[in-house]
Amino acid sequence: MKIKKINTTLEKACAIPLPKHKDPKRPNILFRTIMLIASIPDLIATRFSFTRKRMEAAGKGPWLILMNHSSFIDLEIASYVFYPKAHCIVSTFDSFVGKSWLMRQIGCIPTQKFVSDMTLIKDISYALKEKKTNVLMFPEAGYSLDGRATPLPRKMGVLLKKLAVPVVFVKTEGAFTRDPLYNLLQKRKVKVSAEVSCLLTAEEIESKSVSEIDEVLDEAFGFDYFKWQQEKGVEVNEPFRADGLERILYKCASCGAEGKTEGKGTEFICHACGKTYELTNLGRLEAKDGNTVIDHIPHWFDWEREEVRKEVENGEYLLDCAVDIGILTDYKGIYMVGEGRLKHSSDGFVLDGCDGKLHYEQSPICSYTLNSEFFFYEIGDVISIGDSRRLYYCFPKNGESVAKARLAQEEIYKIKMPRRRPKESN
């Protein structure tokens, strides 16, 4: 999927007014049916099936539907398993670009990733209470990088208590393995399934504390899809399965070099020391020569996190890179306003660019994580910072790791705000 790019000046982009707020729209049966029909090819291709668990406890609704986020097929799964029931969808602002009318018709509610948005809470409540429609939300707010959940915002329980409706959870299996974000949008032949369950009734939400509700959510989102693949014996035989693996495994576990690794075909190699691994059809790394340092991709990612934290604690962490800068202001396109330099340290983010006309600073405790994505709308890897008024999309020009920046931001936040430290999945 692509997004329209508009080359313009910073002044012109900043002068564009923000879209006017609109209340969520309950999608009618016509658009729900169109969504279902559009989903069928992928669901057939993945031999999709699903089960229900404890759904009688959820009642007739409306429900807040929480779902783990692996790939675009998640939306197709939701359109199928809940049909003909209507549901609004909490969606990213950028997903409205070029198709805002359609997104409204299918019930989407726009919001910014990892940006405080009180309007979103009002919109969700309006959809549930006034429109009497379910609301689908991806609390991770982004696709999984390493097959595990992105850290959830703390005190989600506060929101659930405020809404006071049953919470339904959709957990997929196979969706990540079929289309991991790092693998350059290349789909694998993998069966996909889902379990739809009542996670919490309204009465259970009322009786539990916020921390207890957060614990329930942490347990629900405590998955590891590489481990699942190995335990279930799910084979991925495509010859491109290691393509792009350097996006998450950016640092060599043998020699410590950064930016020298590459995933290509079925191999993962460090061009600094020559260490080469085979990515097996069960998703394990096996060294072609010598010892396998780390064979489980999520464990390698954990090791990188530990290394980043050491850099932060020692005052050594610094991202300082040249970037192309895009701005999202309305739904017409992403406005490419020029070049600049993005810096990230324990003091937060600093973005300068557009021949000295742009200067933006962001606090290190502004967010518990970072909006960083691979191959954003087929433009390139991106780091997004900003606020509810304007987002700056920074595309590193020299291959700097956006995954490392996310890990660094999460560790910086934990250090700066230890009492709010998110519980990580295993």
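Before going into details, it helps to say that this report is about the structure given with it.

Glancing now at the sheet that holds strand 4 (residues 87-92). Here 7 strands make up an open sheet; going across it, the order is 2-8-7-3-6-4-5 and the pairing mixed. Two strands in the sheet have a free side with no partner beyond their single neighbour: strand 2 (49-53) and strand 5 (108-111). Here the average twist between neighbouring strands, direction ignored, is 25 degrees. Summarising the sheet, strand 7 (residues 167-173) and strand 8 (residues 193-200) pair through 7 bridges and their orientation is antiparallel. Within strand 8, the residue paired with Thr 172 across the bridge is Ala 194. Along the sheet face, helix 9 (residues 210-220) touches strand 3 (64-67), strand 7 and strand 8 and points at about 170 degrees away from the line of strand 8.

A few words now on the pattern of salt bridges. Under the defined criterion, the tally for this structure stands at 22 salt bridges. Among the salt bridges present, the one from Arg 305 reaches Glu 411, with a minimum N-O distance of 2.8 Å. On the criterion of sequence distance, the pair formed by Arg 305 in helix 11 (residues 297-313) and Glu 411 in helix 12 (residues 402-416) is long-range, its members being 106 residues apart. Here the two residues Arg 305 and Glu 411 agree in accessibility, since each one is buried. Ionic contacts of the salt-bridge type, sharing partners, join the residues Lys 251, Glu 258, Glu 307, Lys 310, Glu 311 and Lys 404 into one network.

With 12 residues, helix 5 (residues 118-129) extends 17 Å between its outermost C-alpha atoms, agreeing within 8% with the 16 Å of an ideal straight helix rising 1.5 Å per residue. Of all the residues in helix 5, the buried ones are Leu 120, Asp 123, Ile 124, Ala 127 and Leu 128. The buried residues of helix 5 occupy an angular sector of 130 degrees when the element is viewed end-on, so they sit on one face. In helix 5, the exposed positions angled more than 90 degrees off the buried face are occupied by Met 118 and Lys 122. Against strand 3, strand 4, strand 5, strand 6 (134-137) and helix 6 (156-163) lie the buried residues of helix 5.

We now examine the nonpolar core. For soluble globular proteins, nonpolar side chains are generally found buried alongside one another. In terms of nonpolar packing, the biggest core is built from 84 residues, with Leu 342 and Leu 351 touching the most fellow members. In contact with Leu 351, other than residues within four places in its own chain, are Val 323, Ile 325, Arg 341, Leu 342, Leu 358, His 359, Tyr 360, Ile 385, Tyr 392 and Cys 394. Counting residues in hydrophobic clusters, the runner-up holds 41 residues, among them Phe 96, Ala 175, Leu 391 and Phe 395.

Another point: the sheet that holds strand 9 (residues 261-264). Sheets are built from strands paired through backbone hydrogen bonds, the pairs being either parallel or antiparallel. Ordered in space as 9-10-11-12, the 4 strands form an open sheet in which the pairing is antiparallel. Where the open sheet ends on each side, the last strands, each with one partner, are strand 9 and strand 12 (285-287). Adjacent strand axes in the sheet meet at a mean angle of 25 degrees, parallel and antiparallel pairs treated alike.

Right, let's talk about the packing of aromatic side chains for a bit. Taken as a whole and judged by the stated rule, the model has 19 aromatic pairs. Both rings, one in Phe 96 and one in Tyr 331, keep their centres 5.3 Å apart while their planes meet at 35 degrees; by these two values the pair is tilted. Of this pair, Phe 96 sits in the loop between strand 4 and helix 4 (100-105) while Tyr 331 sits in the loop between strand 13 (319-328) and strand 14 (334-345), and the two are 235 residues apart along the sequence. Here Phe 96 falls in the buried class, since its relative accessible area comes to 0%. Taking relative accessible area as the criterion, Tyr 331 reaches 16% and is therefore assigned buried. Between the aromatic rings of Phe 268 and Trp 300, the centroid separation amounts to 5.5 Å while the plane-to-plane angle is 85 degrees, which identifies the pairing as edge-to-face. Taken as a pair, Phe 268 in strand 10 (residues 267-270) and Trp 300 in helix 11 lie far apart in primary sequence, 32 residues in all. The same class applies to Phe 268 as to Trp 300, namely buried. Grouping aromatic residues by their ring pairs yields a cluster made of Phe 169, Phe 176, Phe 221, Phe 223, Tyr 225, Phe 226 and Trp 228. Note that Lys 85 overlies the ring of Trp 63, its terminal NZ or CZ placed 5.2 Å from the centroid.

This part takes up a positive patch on the surface. Positive charge collects at one region of the surface, where Lys 25, Arg 26, Lys 60, Lys 85 and Lys 131 lie side by side. Position of Lys 60 relative to the elements: it lies in the loop between strand 2 and strand 3. Exposure remark for Lys 60: the relative accessible area of 77% places this residue in the exposed category.

Basis of the calculations
- Residues numbered from 1 in each chain as written.
- Predicted model: local features only at pLDDT ≥ 70, side-chain atom pairs only at ≥ 80, totals over all residues.
- Heavy atoms only, no water.
- Pairing = 2+ DSSP bridges.
- Helix = DSSP H or I, 4+ residues; strand = E, 2+ residues; numbered from the N terminus.
- Axes fitted to C-alpha atoms, helices over the stretch in contact; angles between N-to-C directions.
- Contact = heavy atoms within 4.5 Å.
- Salt bridge = Lys/Arg side-chain N within 4 Å of Asp/Glu carboxyl O.
- Buried < 20%, exposed > 50% of the residue type's maximum accessible area, 1.4 Å probe, protein only.
- Expected span 1.5 Å × (residues − 1).
- Arc of directions from axis to C-beta.
- Core = buried A, V, L, I, M, F, W, Y, C linked by side-chain atoms within 4.5 Å.
- Phe/Tyr/Trp six-rings, centres within 6.5 Å; stacked < 30°, edge-to-face > 60°.
- Lys NZ or Arg CZ within 6 Å of the ring centre and 35° of its normal.
- Patch = residues over 30% accessible without salt bridge, like charges linked within 9 Å, V, L, I, M, F, W, Y side chains within 5 Å.
- Areas by Shrake-Rupley, 256 points an atom, 1.4 Å probe, with all protein chains shown as cover.
- Lys, Arg positive; Asp, Glu negative; His and termini not counted.
- Charge placed at Lys NZ, Arg CZ, Asp CG, Glu CD.

Function cannot be read off these values alone, since they describe shape.
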